[in-house]
Structures are given as C-alpha cells and as structure tokens.
Protein chains: 2
Amino acid sequence: VAEEHPHRHRKLTDAAGRSGRIEPAPVPPRRDAELSNDVWGFKDTGFFINERGEVELSGGRYGLSRAPMPYLIGWVRDTFGCEVTPDKVKASQYPPRLPKPQVHPRFLEDMLELLGEDGVSVDGETRLRHGRGQTQEEIFSIRYGEITRMPDLVVYPNSEGDVERIVEAAIQHDVCLIPYGGGTNVTDALRCPVEEKRTIASVDLARLNHILWIDPVNLIARIEAGAIGRVLADQLAEHGFTMGHEPDSIDHSTLGGWIATYASGMKKNRYGNIEELVIDVSAVTPAGRIERRAIVPRESAGADPKRWMLGSEGSLGIITSAAVRIYPLPEETAYEAILFKMLEDGVAFMHALMRSGATPASVRLMDNGMFHFGQALRPVSAGIRKARGRLERWILTKVRGFDLDTLVGCTLVFEGTRAEVRAQQRAAYAIAQRHGGMRAGASSGERGYQLTFAIAYIRDFIMPYYILAESFETSVCWDRAVELRENVIRRVKAEHAARKLPGKPLIMARIQKPYHTGVAIYFYCGIYYQGVSDPVQVYMDIENAAREEILRCGGALSHHHGVGKIRRGYLPQVMSKATLEWTRRIKRAVDGQNIFGCGNQQVDDPGSDEA
Amino acid sequence: VAEEHPHRHRKLTDAAGRSGRIEPAPVPPRRDAELSNDVWGFKDTGFFINERGEVELSGGRYGLSRAPMPYLIGWVRDTFGCEVTPDKVKASQYPPRLPKPQVHPRFLEDMLELLGEDGVSVDGETRLRHGRGQTQEEIFSIRYGEITRMPDLVVYPNSEGDVERIVEAAIQHDVCLIPYGGGTNVTDALRCPVEEKRTIASVDLARLNHILWIDPVNLIARIEAGAIGRVLADQLAEHGFTMGHEPDSIDHSTLGGWIATYASGMKKNRYGNIEELVIDVSAVTPAGRIERRAIVPRESAGADPKRWMLGSEGSLGIITSAAVRIYPLPEETAYEAILFKMLEDGVAFMHALMRSGATPASVRLMDNGMFHFGQALRPVSAGIRKARGRLERWILTKVRGFDLDTLVGCTLVFEGTRAEVRAQQRAAYAIAQRHGGMRAGASSGERGYQLTFAIAYIRDFIMPYYILAESFETSVCWDRAVELRENVIRRVKAEHAARKLPGKPLIMARIQKPYHTGVAIYFYCGIYYQGVSDPVQVYMDIENAAREEILRCGGALSHHHGVGKIRRGYLPQVMSKATLEWTRRIKRAVDGQNIFGCGNQQVDDPGSDEA
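Note that the coordinates shown come from a computational prediction; the quantities given were computed from them, not determined experimentally.

Asks: Quick question: what am I supposed to make of the packing of aromatic side chains here?
Replies: The relative placement of two aromatic rings is captured by the distance of their centres and the angle of their planes. With the rule as written, the count across this model stands at 32 aromatic pairs over all chains. For the ring pair Tyr522(A) and Tyr524(A), a centre distance of 5.5 Å and an interplane angle of 50° mean the geometry is tilted. In terms of burial, Tyr522(A) and Tyr524(A) fall into one category: buried. With a centroid separation of 4.9 Å and an interplanar angle of 40°, the aromatic rings of Phe340(B) and Phe349(B) are classed as tilted. Looking at Phe340(B), the relative accessible area reads 0%, which means it is buried. Its end group placed over the ring of Phe42(A), Arg61(A) keeps NZ or CZ at 3.5 Å from the ring centre. In this structure, Lys268(A) is placed above the aromatic ring of Tyr515(A), and the distance from its NZ or CZ to the ring centre is 3.7 Å.

The structure is reproduced here in structure tokens:
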C-alpha cells in the first residue's frame, strides 16, 4: 500500500515542517533581588523627577523609559487640584515592623528535609513579599502602616512531587498553605487572614517554571504553573510560537496565577481569555492530585479539573501545570489610533466592529480623561515634531470640529496573517469613518498599547505626593456601557464632594475588550489625601460606592481581577444564596480541614448550612 | 450638552435598527403523540421498502423523504454479508410488559395538587418513553426484551417555581428525580437504576419551552430549558437570529439537555459548542436555586453555576433556563463537497484549513466506507443525470486517478456575510488543491450535510433485519487522528472475527469538527446478528473493545455524547482517582440525599472516601 500511495503514512507538520515535541531548555527562576518590595515592579524601573523637574522612567525596559515627560506633573496638579512638591513628600517608613514567624516545628523539619535550607525561608522581607499583592492599601501599609499577619515561612517546591509532599505535611501538621505565583493580584488575595492561628506557609511556585514541551502540530504547550508571563512568551517566541496572553501584569504574573484569578489578556479577541487558552490543568489538592490522563481537544466526561481551578483564587489547591493553546507568531502586527468626537461614537464603533467578524486583536477606547492622561505621558517634543503637533491639533479642532474636552481615542492592535491584518484594517477604518472617526496614526496606537506595561509604576510614584490611586474593572452588556461609566463617574465625584476632601478626585475609564455581548470597562480612580485621616479607608469607601454603582447598572463584580478579600462582601449581590452555599459546601467537601485557608471569596464562611 | 452633540444619548441598535427586548409568542409544548416510542423520531417518518423493493423515507420532513433509494439494500447486503428479506424480519414485540408503578402516595398527592391531573402521568407508555434514551440496547429491549425498571410517574412543571416545589417535595418524601428533555441521549442516561427502591419521578421540562426574550443589541436570548432545538431555531429565525447550534438530534433534543450532556453542534466552528454558547444557567438543586443575578459578558467571581451544570447529566439538579449567545442569521450559506484520493490527504487538508483562520462553519470528512454509504443513499437517477453521473465517475477514476476503494469525501458548509463566505471558499479551495482535492459540487455538499438529520432512522429500520448498529465518538489530537481510526477499524474487525459472528461487521468513520488542537471522530459500527445469542451484549463487547482502542490511542472517552451509564466504567482510565473522588464529594455535598439519583457518571459510587 505504501508504494501505491506515497503519502500513506506521511506525518502532519507545522508550516516550518516540524512534528514531534520540542523541549525548551529550562530558564532560571524569578530572582526577588531584582524586584521592589514596597512598590510595583522591577527595582531598576520607576518614575522619578529629574534635575530639570520633569518626570522620567528609569531603566530601559519600556518604550517610555528615559524619555522625560514634561507634562505629567502639570497633569497631576490639574487633575487632583494639588501641589506636587518634591521636598514635601510623605517619606516611606519601609521596612515596617514585622510580626515574628510562628513556625510549626515538625512542619519546618519536614520542609527542610524535603527542600533543603535553600528551599525554605523565614526571612522577614521574603515573608512580607509573599503576604501581599498590589492593592493600594497593601502598598500603603507596607510603606506607612502596620503589618499584623504574614506567612510564617515560604517554601519553594522543585517539582509536582514536592508540592504533593508539602500538602501532605500540611494536612498532617494542620498548617495553612497559600500558593504564590507572581504576587500581582489586586484583590488582597495573598493577604493572610489575621485570625489564622495556624502556621501559614506560602508555597512559591518560582521553581516550577519550565515549559515542559511544545507540540507544533497540535499547537499545545505544557507549562508549569510558576512560569512568568514575559519569560514564557520569550521562550515560546524563540520557537516561533505565542500564547497571545498579554495581561497588564505579564512581566511578573504566572500561568498558575492567571488560572487562579481567571485572567484576561489585552489581545483576547484573537487568542482568547485564560479559560479559552487552557486545555487542561493539573493541581494538587487535599484530596489528591486532580488531572486528566490525556490531552484531548474536547471531552464530555462530566468532571473537568480545569473548571474547578479556574477562578479558584488559592482556595482549593495548588495548580502545578497546564496544557495551553499556542499559536504561530503572527506574520504581522500593526497599530492604529482613531479619534472620535465623543464616547458614544467610540462605543458605537466598537459595537459595529465586533459585529463585523474582523475584530482586531485589541481594541481599547480611552475616554476623554484617559486621553488627556495619555497626552500627559508624552515625551518632550521639539522642532518640526512640535510644530507638526500644533498643526495637527489645529486641524483636529478647527477644521474637523473635534472638541478637546469631549473627544476620545481608540487604540487598535491588528494581528495575524498579512491577509487577516488587511481585512481587519479595512473593516476598522470603514466602520470608524461611519462613526466620524479620524485616524491618528500607528505610532500613537503603538504608544497607547505599550503604555499599559509601565502605567502600574505611576501609582507608587505619586503615592508620596499624598495621592492614592487604584484601578477597578467590570464588564457590562453593550447597551449599558455608556450609562454605567457615566453613573460611576458621577457617583465618585459626589462621594468625594460629600466627604469634603481636598482637591479633586481622579476618575476616568477605558472601554475595552469587546465581547459578543458587551465590553469590559477599566476605571482609574484616585484622591489627594493631604490632611485626610485614614486615607486608605476613605479611598476604599469611595471605591466601594463606585462598585455599588457598577452593580446597580448591571455590571460584573469583576471582569478579571477577581474577588479575593476586597470584593467578597459583594458576592451575595451577584449570585443567589444557594450558589454561594454550593461554593462553601464544595470547599468543605474537598478541603474539610481548610488547608487552603487564604480566605478568598466566601468559601470559608460558616454561613447558613441548611439545605 | 444634548444640543451640542446630537448623538449624545443615542441608543445602540442592531443592523435592523432594533433595541430593547423582543418577547416571542409562546409555542405549544412537545406532543408525544407525534413521536414513536419503539424507534427514533417522528411517527410519520421512517424508512420502508416500497412496492418496487426500494427503500424510501416516509413523510416530508427531510431532503431524503419520498425519493426511493435503489442502492441501499444492496449496500446493506454487501456491507454485512447478509440477506435483507422483508418477509423474514424479527417482529417487534412492542409494547413490552411494563413493571407496575410504585408511587409514593403523599408525593403523588402533592404533585396532583401542584400540577393538576393534566400535569402528572402514571400511564405505561408515557413512563416507558421517559425511562429510555436512544442506545441500541434500549431500543432493542423495548422491541424484543424486558423492561425491569422505569419511572413510576412523570410530572410536567409549568414554571421554575413548580420545579422548586417538585424538588422540595422529593426531598420531603425521599423521591428520586430524573430530569427529562428530549430523550435523545445515547448513553443510557435516562435508564432507571434497577436497584433504586424509592419512587422515581421523571421531571419532563416540555412546558418550560419558551424563549423568554431576545436582546438584539447584546445578542443574547433567555430560553427555558425544555425548548426543543428545531422549534427554538425556527422561533429565533422569525426574528432574524440563530443560535447556530445544530446537533444531529436538533429535531428532538432540548436546550437543557444540550447543557447537561455537553453538546456540540455541526456548525461549532462558527457558533461554538454549547459551553461557548451558554452565557448563564439557572438550575434548581437540592441546595436551592443556583443562578447569577445579572447577565454580564464575563465575570471573575469564583463560582459560576454554568460550570457546574455543563455535563452534569442530571446528577446535580434540574436546569430551568439559560441565557445564550445568538447571532444574526447569516447573509449567506453555501455548500461544497471535495473528494480526496485518500484519508491522509483529507486530514492534512482539514489541518491546514484550521490553521488558515478562515475555517467554514462545518467541515466533515467521510472515510471511504462512509463515502460509499452516502452513495448508497442516493435516489434513483435517470436520463441525463444518470449519464452525467457515469461521465463524472469516469473522469474521476480514469482521468484524475482517483481510486474508488480509497477516495474520501469532505462536505463543507460556509456561513456568514458574503465577504466571509468568499474568504472561506477561497481558503478552502486553495488548500484543497494543494492536497489533491477535487470539487464535487454544492449539491453533494448540501446533501451530505442534510443526510445527518435522517440517518438516525436507519438504525431502527435495519434492526428487524438482524442488524444492530450504533455510533460512538471521540476527539483526538491532530497527529493521532489517522492512526486512531485505523486501529479502531482493525480492532473491530478482529473482535468480530474472533467471535465467529455471521457476515461482516460495519465499521466506518467521519472525521469532523476540527479544533485548534485536533478533531472529533464519529464511528458507525454494526453487526449482523442472525443466530447470535444475546446480540446486544455481543455488540456492546465489540464497542467496548473499540473504546479501549480509542483510549489507548489518546482519544477522549466521549467528544459530546457523554458518559451516562454505558461509559462510566471507563472514567478511571481518563481521570485521576482524586478527580473522581472530587466529583463524588461534590455530589454528596450538594445532594447528600441523592435526590438526583439517575446514576450517571460515578458521582453516586460509594468508592474510596479517605482523603
């Protein structure tokens, strides 16, 4: 038969002729010495005011780096109605006084035997890092406040087998375990419950960071849960692939963290959110290792560990690895920015674009406030570029009739084959024109997209200037998006006024990630807190009021940040009593000892128990 | 502001200018009097041998109807190596002797009070219908065998409130409930456990069949769980929409059934499988009503009732309604058939097509056996059509070098806007050419697609001729698809030979539903059982051997049929011990009394219980 049919047993290959699994070389685990402990991100990266009084981003990691931003301080002053005086800052009191570790001696003994001295830490700074995420109150308390509870020790498993041993030891000695990925959550998910009397061990997945294999024909990669977004993206790219998952936190967050928080990436239109990217999950739970035996495209077999672990926020076990969908690197990536006269035009544009069947990988609509914030991050421009900027502004406002106080800007990322990118561009430009859009160029689009990765550093830069700022997000059906944003802005302003706080509040939004049924909305909110007592609580009260408003307008409790501890009180507003009761019963059924006692969501709430 | 900006508060609309919810008029519930009880489908539809000795499909429901098929009997004879003699059939002994109902008197009282006499049935035929699905052994036992256990009564709730009352009464009186949708499962999912001593009530959702609303802007419909596929598709189409979900069973199966069995439709490439189509699920469980408060595009809030109910197979509660994604009706639908010289070419074509980004709504590759079966279903052709058929066959084999014993046929359905259909066609034809494909025309393609809905009637038509046939399915990664199919065919032939059964076995496959990571494979298997004792068991043994082979080759336990009772024994082969232990613990935690005691999967297995 083989002779008659030369193709008889030919192998399927990818476009590069590859078949069979590729096993990338291991990469070194995360080095905490490179990371800040009292602010977001890398130690070598941060905003500072240079000798000319302009803001600058240190390091060379981002597009924004080393390009002085002369407009930013003015924007802060105007927005918050406050002073920004480098010699009148609220000095950090880092490091804070740390509570002493209370380590269960036999658990410690077991851990030292299993992992060696190198795999166990009771160091204060390390414990502090593992007991916090990135909410403003966590960062504030690290710099200015008090730490009442942290993990008592941190353990670093080298393998899934180690994770199993750790869980077994925790059960034996009744120790509480909290899994640790990249520490980038903004939900107090890693904050240790103060009432927890048992030893708390943080289980850091840093050493489970390997891409175990890449399958070019079936486009699957099996990756350990501790792999960091940026690192695994670089590794996949070396072999010509991408997961396409780009959350704002990609420099630090991990695959396991993405699964546990139900993450969403900026290019989800093309590649999918984490629930679409993940094919299979393995996890170690108090009831044993949950996993399927084979990776299959789709299976109707009742149980699916993936469904349990997605959004589990550390409450059910430790995710150890996942099989994920990968894609060949796109042939082409193109950027664009489009201005619209007002928000409604931009939303109508996104709605129509989503119905066109040719949606770009990323579509993000900055409201007027966000647009001006983006302008404030411009670097200095001089000579021809400056003159050109003035000319463009004149054309925009005088000739085209755009009003600088109402216009909005949309950034687009097109990705795919050349033909796909062309089709997406054609659709986007035609639809934009119908909604009065004006193209502002690829460089504005790219800049808008890349800003995202650096923006997280700004919050911590302005905190010493008595400014507390934070983001929160939701998703909502198309027809309520404009109304929800407006109501939240009105509500924040009213709450700010009612409290007679100094200056003005910051409240601006980005409408992004279009879905078939609606959009995600990302808010930035901030207050000037000079002279305000308990500013963290005041900020939280305002954000909570905004959250109430979001729920009242039909929005989701969270689009992708999750619940953790800061939103657990709202769960009864978004799901029925019995739904919450199910989560508690399931938790008790699979972790009756509450080994995974991080206290996120309401799974550990004694609650009502009757059927 | 409104005057300056005329669009200020303009509403988003769909392309037809609509906004706001549409509430379709209710439709009457399913009428069992129209349906057969001892075979698949509608009473007015069935294959029979006409006075000229040709097979014909009665009724006017399908493309195949009323067009005599002169080649089918020859195909049956050749395939099974048997006789097809209308006067030597195995006569049906329907109706079988039925066990007497044992109805809990107070539960019956409560039901009569709640639902009236019209809403409760203890009629034998009705109970029989509600205690079976569509496996060959169920149909065989109804026609030739014994019924040992059936539901003791059938109840018909009119509302979600009724469903809650029914569950409450079941808890109070310790009655077992089995939800009923369309009765089309092929997993023994509705078969009553013989060991169940309690009263078994079948809860028929027939009256919960309304499309509650259609939202044209957000493209969502809220539909009650008992709505039948074909009926809800017609209703949505009246308003210009489609769910796009087309399982083979669409004429009878229901939305709730799709969710409970984790269903997949033939056009899933464009519209998604049920898990992608369903946005939100409401269900009544022994722990109360599980539901979310608002419909949002995406929410990271830990719990999601949808994830629990998808694939739950009746074990956890009764699905009452769901919010689903809908789409505007496609501008265009086009069909095509493409022939390839051999299976490997067709699979390579599908793989490349899936990587092109322009995959048609449906792509199904018939292996050589399936191709000839399709040919056997051709109606008589005469005159020019017959001559043309001969000419085409000559060109195919002599000029183009196709071998009738190895060629395979692929049917394609293109759907979308005119531009999308053109792009899909361009991609498909270009890729087909690279793999030696030859276009066989739109009518062959359409015929191949439409055959699906009528094919289910064939099994029951040939059963009296001493033939047992059944389908089973799997999914597998791209690189193992060809090997898996080959091994299963070899195994079935070997098992048939080893048993010295009369005639030859039927074993043929369709490779379909391409995924990013692989494909689904649908097998048809059959035996001639004249003179064979316990043919049902013999057939099952052969299918089980095929199943072992599938699992050995890395295939899924089931792609979309599910587990039910016929595949529960294989669960330990596809998931870890702890995974099964989780499912049992979750079941006990939310339904400790085992009210939903249908016995599907292994959720009720006492199994091992230690952590």
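Continuing now.
Asks: How should I be thinking about the sheet that holds strand β3 (residues 120-121) of chain B in this particular structure?
Replies: Sheet strands line up and pair through hydrogen bonds in the backbone, either parallel or antiparallel. Residues and elements named next belong to chain B. Strand order in the open sheet formed by 4 strands is β3-β4-β6-β5, and the pairing between neighbours is mixed. This sheet does not close on itself; its edge strands, each paired only once, are β3 and β5 (176-180). Direction of pairing for β5 relative to strand β6 (residues 200-204): parallel, over a ladder of 5 bridges. Each bridged residue has a counterpart across the sheet, and for Tyr180 the counterpart in β6 is Asp204.

Asks: Whenever I open this one, unusual backbone geometry confuses me. Can you help?
Replies: Peptide bonds are, in most cases, trans, and in most cases residues other than glycine have a negative phi. The residue after Tyr94(A), namely Pro95(A), is reached through a cis peptide bond having omega -5°. Note that Pro95(A) resides in the loop between α1 (72-80) and α2 (105-115). The phi dihedral of Leu219(A) falls on the positive side, at around 55°, and the residue is not glycine. Checked against the element boundaries, Leu219(A) lands in the loop between β7 (211-215) and β8 (220-224). Non-glycine residue Asp188(B) carries a positive phi angle of around 60°. Examined against the element boundaries, Asp188(B) turns out to sit in the loop between β5 and β6.

Asks: Sorry, what's going on with the pattern of salt bridges here?
Replies: For side chains bearing opposite charge, pairing can occur when the charged atoms are close. Residue and element names in this part refer to chain A. Applying the stated criterion across every chain, the model contains 88 salt bridges over all chains. The salt bridge partner of Glu495 is Arg491, with a shortest N-O separation of 2.8 Å. With Glu495 and Arg491 both in helix α16 (residues 481-498) and 4 residues apart, the pair spans about one turn of that helix. Arg491 sits in the partly exposed class, given a relative accessible area of 26%. Put simply, Glu581 and Arg584 hold a salt bridge, and the shortest N to O gap is 3.7 Å. Taken together, the positions of Glu581 and Arg584, both in helix α19 (residues 577-590) and 3 residues apart, correspond to about one turn of that helix. The buried category is assigned to Arg584, whose relative accessible area is 6%.

Asks: Looking at this structure, how should I read the relation of the copies chain B and chain A?
Replies: For these two chain copies, the linking operation is a rotation about an axis paired with a shift along it. The operation relating chain B to chain A is a screw motion whose rotation component is 180°, with 0.0 Å of axial translation and a residual RMSD of 0.0 Å. Here the symmetry operator amounts to a two-fold rotation axis. It is Ile586(B) whose C-alpha, among those of chain B, lies nearest the rotation axis, at 2.7 Å. Both copies share a contact surface, since 100% of the interface residues of chain B are interface residues in chain A too.

Asks: I tried to follow the packing of helix α11 (residues 343-355) of chain B against helix α14 (residues 418-434) of chain B on my own but got confused; where do I start?
Replies: Axes are the key here: two packed helices are described by the angle between their axes and the distance separating the axes. Residues and elements named next belong to chain B. Between α11 and α14, the shortest axis-to-axis distance is 9 Å and the interhelical angle comes to 140°. Considering their axes alone, α11 and α14 lie oblique with respect to each other. The interaxial crossing formed by α11 with α14 has right-handed handedness. Along its contact with α11, which presents Phe349, Ala352 and Leu353, the element α14 presents Ala427, Ala428, Ile431 and Ala432. Among the residues making up the contact of α11 with α14, the classes are represented as 7 nonpolar, no polar and no charged.

Asks: Just checking my understanding: could you explain the confidence of the model for chain A for this structure?
Replies: When pLDDT is low, close inspection of the predicted coordinates is not appropriate. Residue and element names in this part refer to chain A. The pLDDT averaged across chain A works out to 93; a share of 96% of its residues lies at or above 70. Scored below 50 in pLDDT, residues 1-8 shows 9 contacts in the model against residues more than four places distant or in partner chains. Confidence over residues 607-611 falls short of pLDDT 50; this stretch has 10 contacts with residues more than four positions distant or in other chains.

Asks: Even after reading the chapter, I still don't get the interface of chain B and chain A, so can you show me in this structure?
Replies: Accessible area lost on assembly of the parts is the figure often given for the size of an interface. The partner chain A presents 98 residues to the 98 residues of chain B that form the contact. Between chain B and chain A lies a buried interface of about 8000 Å² when both sides are counted; carbon and sulfur atoms form 59% of it. Taken as a group, Arg298(B), Arg307(B) and Trp582(B) account for 12% of the area that chain B buries against chain A, more than any other trio of residues on that side. Viewed at the interface, chain A and chain B are joined by 2 salt bridges. A salt bridge links Arg298(B) to Glu275(A); its shortest N-O distance comes to 2.7 Å. There are 41 residue pairs in polar contact (both at pLDDT 80 or more) connecting chain B and chain A. Of the residues assigned to the side of chain B that touches chain A, the class counts are 44 nonpolar, 34 polar and 20 charged.

Asks: Got a minute to help me understand the pairing of strand β7 (residues 211-215) of chain B in this structure?
Replies: Strand residues, when the strand is regular, have side chains that alternate between the two faces of the sheet. Residues and elements named next belong to chain B. Burial runs high along β7: 4 of the 5 residues are buried. With 4 bridges joining them, β7 and strand β8 (residues 220-224) adopt antiparallel strand pairing. By the bridge assignment, Trp213 is partnered in β8 with Arg222. Remark: 4 residues form the turn of the hairpin made by β7 and β8, two consecutive strands paired antiparallel; Leu219 in that turn has positive phi of roughly 55°.

Cut-off values and rules
Residues numbered from 1 in each chain as written. Chains lettered and ligands numbered in written order. Predicted model: local features only at pLDDT ≥ 70, side-chain atom pairs only at ≥ 80, totals over all residues. Heavy atoms only, no water. Phe/Tyr/Trp six-rings, centres within 6.5 Å; stacked < 30°, edge-to-face > 60°. Buried < 20%, exposed > 50% of the residue type's maximum accessible area, 1.4 Å probe, protein only. Lys NZ or Arg CZ within 6 Å of the ring centre and 35° of its normal. Pairing = 2+ DSSP bridges. Helix = DSSP H or I, 4+ residues; strand = E, 2+ residues; numbered from the N terminus. Salt bridge = Lys/Arg side-chain N within 4 Å of Asp/Glu carboxyl O. Least-squares fit on C-alpha atoms with pLDDT ≥ 70 in both. Contact = heavy atoms within 4.5 Å. Axes fitted to C-alpha atoms, helices over the stretch in contact; angles between N-to-C directions. Parallel < 35°, antiparallel > 145°, perpendicular 65-115°, else oblique. Left-handed = near helix turned anticlockwise from the far one by under 90°. Nonpolar A, V, L, I, M, F, W, Y, C, P; charged D, E, K, R; others polar. pLDDT = per-residue confidence, 0-100. Buried area = accessible area lost by both parts, 1.4 Å probe. Polar contact = N/O pair within 3.5 Å; in protein donor to acceptor, adjacent residues only side chain to side chain.

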